[in-house]
Amino acid sequence: MSESTFDIVIAGAGVNGLACGAVLAQEGLKVAVVERNPWVGGGAVTREVTLPGFRHDLFGSSHVWVHINRDFKESLEPELAKHGLKYLYQTDHITGHPDKNGGPGIVIYKSIDKTCESISHYSQKDAERYRAIYDDFHLIRDGVVKNFFSPPQPPSTMARAMETSHEGLARLQEFSLSARAWVDYNFENDFIKAVMLNWALAPQILPDQEGAGQSFYVMIPSIHDFGQAIPEGGSQMLPESMRAFIESRGGLVRTGVTVEEILVEDGTARGLRLDNGDVLKASRAMVSALDPKQTFEQLVDTRHLQDEFLSKVRRFSFGRVTICRLHLALEEPPAYTNGEDMSRCAFHRIVDSSQQMIKFYGEIAMGVPPTDPFLWSACWTLVDPSRAPAGKHTLIFDTFVPNWLADGRRWEDIGEDYARTVLLPKLQQYAPNINDRTILGMYVETKESLEAANRSFVEGTTNGGERIAAQLGYFRPFPGYAHYRSPIKNLYMTGPHCHPGGGISAMGTITARVMLDDLGLRAAEF
């Protein structure tokens, strides 16, 4: 048992906890980060789970939002590059949407012109509407980036700014629509509607959930402006480089230890007590990158918290959706029936029709394993050959499933059969070469394995909390606590349960900026 003191102590070495620690270390603070797992990364973990030499991103895989984070891009990334981080950009074929119903499919290119040409094979009118959405993004681009990586504004702020004109009111009306209503409002071709709906529902938003319309004006156009990139060697290279950077600045990143208690004295966070009895004292501030229920119901003695706040914690919803994911080691990459351009895409969203999507979410609501799922798929070895032995490939594909089953079964009992009899045959409808001849190894991820890998994947959810209007922006994670400060003095929050939510964004930089301002070290310019 030992006791040591640091300026800042952080619980949880996921991407956001490490990003927060890296920014603070960059300002000269001595930082300690502790992690229960033997590895760092949280949701950005790369491991050999099928066969030796095949490196699979187990959870977070696609790096889009981190490249919009200016604090990361301008300050951190140049330093992290010295510690092994190298991003590989897809400069042309970004996302493929294959079509088994006779059409050519749609490819989202970095080029807006090529993308609109691909869409025009289904509908010229829809291609023009897609371009208009992209053009609109340029009008709000800087505001989107600023709002995404700043403490959230009160919900009335946007409405007040837009309600003074007919155009603004019309846009507010669109923003209020559900995802399904929005695609019906804007597009005419059913396949294009299904593709657009599939994009919007990626963060586990439900099709008829109101207020999802505004996401289309950000999620779809931003891919053309910011692109998509992955770290060479796997997603885990991002947290590993941040770990190395913190340590190079005299900090400590300690794995394989579990936080037993957040120490609070006189209403102020003072440090952590670990499961082996060691104590890490925080002389200036503490951060929890763990989920709010774990932080405030398990690690903080509840006598330090008011009942009203604890009630907010208990009502926080993680949602009812998890994933069933299949990792494959392959002899060759998928060859899609829609041709060479489709096969050149490393990343695919596979959906048949709008009706399929509605049935899919209906089955999720009923606690039934989806019988005809859409798929998310990534063959990252097309971009980064270092992730597999020479000439071989890895493939990830999955779908959303309910994290409860109406018949009482458990996903760990049915997951492998579901992956083999439902997910794999679905993929083979589009890429028939993924079969016994080409599959060298397989690993199935389900709700239970997600929970075991990361305690913050509560009930197998991976987005840090349900993305409903009552838990977004100014209300995330709780009303009155959206600015990364907790009710315990000097205890801050970071992670996907905070604004802007899930995804690999390194949003811990926002928490760090708030802390530096509070500590009088650097004025926040949000």
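None of the values given here were measured: they were computed from a predicted structure.

Peer 1: Can you lay out the overall build of the protein chain for me, pointing to particular residues and giving the numbers?
Peer 2: The secondary structure content of the protein chain amounts to 17 helices and 18 strands. Scaling as 2.2 N^0.38, a compact globule of 526 residues should have a C-alpha radius of gyration of about 24 Å, and the protein chain matches this with 23 Å. Each of the three principal axes of the protein chain carries a C-alpha extent, and together these read 70 × 60 × 50 Å. Counting over 526 residues, the protein chain shows a buried share of 60%. A fraction of 71% describes how many contacts in the protein chain between residues 6 or more apart in sequence connect residues 24 or more apart. Put simply, the protein chain shows about 20100 Å² of open surface, and 48% of that area lies on carbon and sulfur atoms.

Peer 1: Describe helix H15 (residues 411-428), with residues and values.
Peer 2: A maximum bend of about 45 degrees is found in H15 at Tyr418. Taken together, the buried positions of H15 are occupied by Trp411, Ile414, Gly415, Tyr418, Ala419, Val422, Leu423, Leu424, Lys426 and Leu427.

Peer 1: Lay out the sheet that holds strand S13 (residues 321-330) with the relevant residues and their values.
Peer 2: Taken together, 7 strands build an open sheet; the order of strands is S7-S6-S14-S15-S16-S13-S17 and the sheet is mixed. Pairing within the sheet leaves two strands with one partner each, and these edge strands are strand S7 (106-109) and strand S17 (439-445). Put simply, the sheet's adjacent strands are angled 20 degrees from each other on average, direction ignored. Where strand S15 (residues 375-378) and strand S16 (residues 393-402) come together, 3 bridges link them in antiparallel fashion. Following the sheet pairing, Ser377 is matched in S16 by Phe397. Across the face of the sheet, H15 comes into contact with S13, strand S14 (347-350), S15, S16 and S17 while running at roughly 115 degrees to S16.

Peer 1: Tell me about the state of the cysteines, residues and numbers included.
Peer 2: In total, this model carries 0 disulfides according to the counting rule given. Between Cys116, a free cysteine, and Cys345, which holds the nearest cysteine sulfur, the sulfur-to-sulfur gap is 16 Å. Free cysteine: Cys498, not disulfide-bonded; nearest cysteine sulfur from Cys20 at 10 Å. Given a relative accessible area of 1%, Cys498 falls into the buried group.

Peer 1: Any details on the packing of aromatic side chains? Residues and values, ideally.
Peer 2: Throughout the structure, instances matching the rule amount to 16 aromatic pairs. Ring centres of Phe309 and Tyr481 lie 4.9 Å apart, and the angle between their planes is 70 degrees; on these two criteria the pair is classed as edge-to-face. In this pair, Phe309 is assigned in helix H12 (residues 307-315) and Tyr481 in the loop between helix H16 (447-453) and strand S18 (491-493), connecting sequence segments 172 residues apart. Put simply, the rings of Phe296, Phe309, Phe316, Phe318, Phe478 and Tyr481 pair up and form one aromatic cluster. Here the basic side chain of Arg47 rests over the ring of Trp39, its NZ or CZ set 4.2 Å away from the ring centre.

Peer 1: Outline the pattern of salt bridges, listing residues and values.
Peer 2: Close approach of charged atoms allows side chains of opposite charge to pair. What the rule picks out here adds up to 27 salt bridges. Asp208 is paired through a salt bridge with Arg180; the nearest N and O atoms lie 3.0 Å apart. A residue pair is termed long-range when its members are at least 10 positions apart, and Asp208 in the loop between helix H8 (190-200) and helix H9 (216-226) and Arg180 in helix H7 (residues 179-186) qualify at 28 residues. By relative accessible area, which is 30% here, Arg180 ends up partly exposed. It is possible to trace a salt-bridge network through shared partners that takes in Lys100, Asp352, Asp372 and Lys426.

Peer 1: Quick rundown of the packing of helix H4 (residues 124-148) against H9? Include the residues and the values.
Peer 2: Contact pair H4 / H9: the axes reach a minimum separation of 8 Å and the direction vectors enclose 90 degrees. The orientation of H4 with respect to H9, classified from their angle, is roughly perpendicular. Residues Arg129, Tyr130, Ile133, Tyr134, Asp136, Phe137, His138, Ile140, Arg141, Val144 and Val145 of H4 form the contact with H9, whose own contacting residues are Phe216, Tyr217, Val218, Ile220, Pro221, Ser222, His224, Asp225 and Phe226. Its residues placed into classes, the contact of H4 with H9 shows 13 nonpolar, 3 polar and 4 charged.

Peer 1: Explain the pairing of strand S11 (residues 268-274) to me, using residue names and the numbers behind them.
Peer 2: Most of S11 is tucked away: 5 of the 7 residues are buried. Here strand S10 (residues 259-265) pairs with S11 via 6 bridges, running antiparallel. Following the sheet pairing, Glu265 is matched in S11 by Thr268. Connecting S10 to the antiparallel partner S11 that follows it, the hairpin turn spans 2 residues, and Asp266 within it adopts a positive phi of roughly 55 degrees. Examined bridge by bridge, S11 and strand S12 (residues 279-288) share 3 bridges and lie antiparallel to one another. Bridging from a neighbouring strand, Gly271 pairs with Lys281 of S12. Taking the residues between adjacent antiparallel strands as the criterion, S11 and S12 are bridged by 4 residues, where Gly277 takes a positive phi near 95 degrees.

Peer 1: Go over the packing of helix H1 (residues 15-26) against helix H2 (residues 70-80), please, and point to the residues and values.
Peer 2: The geometry of H1 relative to H2 is characterised by a closest axis approach of 11 Å and an angle of 90 degrees between their N-to-C directions. Of the possible angle classes, the one that applies to H1 and H2 is roughly perpendicular. Across from Ala19, Ala22, Val23 and Gln26 in H1, the residues of H2 making contact are Ser75, Leu76 and Glu79. Considered class by class, the residues forming the contact of H1 with H2 number 4 nonpolar, 2 polar and 1 charged.

Peer 1: Describe the side chain of Gln90, and please don't skip the residues or the numbers.
Peer 2: Considering the arrangement of structural elements, one finds Gln90 in strand S5 (residues 87-90). Relative accessible area serves as the criterion here: at 7%, Gln90 is assigned to the buried category. In this structure, Gln90 is in contact with Gln228, Ala229, Ala346, Trp380 and Val383, ignoring residues within four places of it in sequence.

Peer 1: Which residues make up the environment of Pro52, and what values do they have?
Peer 2: With respect to the helices, strands and loops of the structure, Pro52 is situated in the loop between strand S3 (46-47) and strand S4 (56-57). With relative accessibility at 67%, the residue Pro52 sits in the exposed group. With 21 residues separating them in the primary sequence, Pro52 and Lys73 have C-alpha atoms 33 Å apart.

Calculation rules
- Residues numbered from 1 in each chain as written.
- Predicted model: local features only at pLDDT ≥ 70, side-chain atom pairs only at ≥ 80, totals over all residues.
- Heavy atoms only, no water.
- Helix = DSSP H or I, 4+ residues; strand = E, 2+ residues; numbered from the N terminus.
- Rg over C-alpha atoms; globule rule 2.2 N^0.38 Å.
- Buried < 20%, exposed > 50% of the residue type's maximum accessible area, 1.4 Å probe, protein only.
- Contact = heavy atoms within 4.5 Å.
- Areas by Shrake-Rupley, 256 points an atom, 1.4 Å probe, with all protein chains shown as cover.
- Bend = angle between axes of the 7 residues up to and from the residue.
- Pairing = 2+ DSSP bridges.
- Axes fitted to C-alpha atoms, helices over the stretch in contact; angles between N-to-C directions.
- Disulfide = S-S within 2.5 Å.
- Phe/Tyr/Trp six-rings, centres within 6.5 Å; stacked < 30°, edge-to-face > 60°.
- Lys NZ or Arg CZ within 6 Å of the ring centre and 35° of its normal.
- Salt bridge = Lys/Arg side-chain N within 4 Å of Asp/Glu carboxyl O.
- Parallel < 35°, antiparallel > 145°, perpendicular 65-115°, else oblique.
- Nonpolar A, V, L, I, M, F, W, Y, C, P; charged D, E, K, R; others polar.

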